[in-house]
Amino acid sequence: MTDKDISDDAVSQALAPLAQALAADDYQLDCTRSAPHHVLMTVTAGPAACADCLVPKELTERMALQRLRALGPSAPWAVEVRYPADPAETITR
């Protein structure tokens, strides 16, 4: 598989475990792919969201990057994570 063969569905499937973990605490994860190796992950809180249960943003970024790196053999991934009330940041590794 080349980097260009990585579908949006493959990216969504790779990040699905993170979405499921967030959903357990009433958070929703929306992912948008803005470039071949750039993913915007927006976390929104539901009415019963557990603020103490939300892991630090850096941990979410690391987990997402690890899952995305498994999809593509060479290019670095950029993950932008937006938590409720947080400014946008981009990390590339």
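Before reading further, recall that the structure is shown in the block above.
Residues numbered from 1 in each chain as written. Predicted model: local features only at pLDDT ≥ 70, side-chain atom pairs only at ≥ 80, totals over all residues. Heavy atoms only, no water.

Draft legend 1. Spotlight on helix α1 (residues 8-23). At L15, α1 shows its maximal kink, close to 45°; a proline, P17, follows between one and four residues later. Of the residues making up α1, those classed as buried are V11, A14, L15, L18 and L22. Among the structural elements, β1 (27-35), β2 (38-45) and α2 (57-69) are those in contact with the buried residues of α1. (Bend = angle between axes of the 7 residues up to and from the residue. Helix = DSSP H or I, 4+ residues; strand = E, 2+ residues; numbered from the N terminus. Buried < 20%, exposed > 50% of the residue type's maximum accessible area, 1.4 Å probe, protein only. Contact = heavy atoms within 4.5 Å.)

Draft legend 2. Structural context of unusual backbone geometry. One non-glycine residue, D26, lies in the positive phi region at around 65°. With respect to the secondary-structure elements, D26 resides in the loop between α1 and β1. The exposure class assigned to D26 is partly exposed, which follows from its relative accessible area of 28%.

Draft legend 3. Representation of the side chain of E80 in the model. By the secondary structure assignment, E80 is in strand β3 (residues 78-82). Reaching out from E80, the side chain makes a polar contact with the side chain of R82 at a distance of 2.9 Å. (Polar contact = N/O pair within 3.5 Å; in protein donor to acceptor, adjacent residues only side chain to side chain.)

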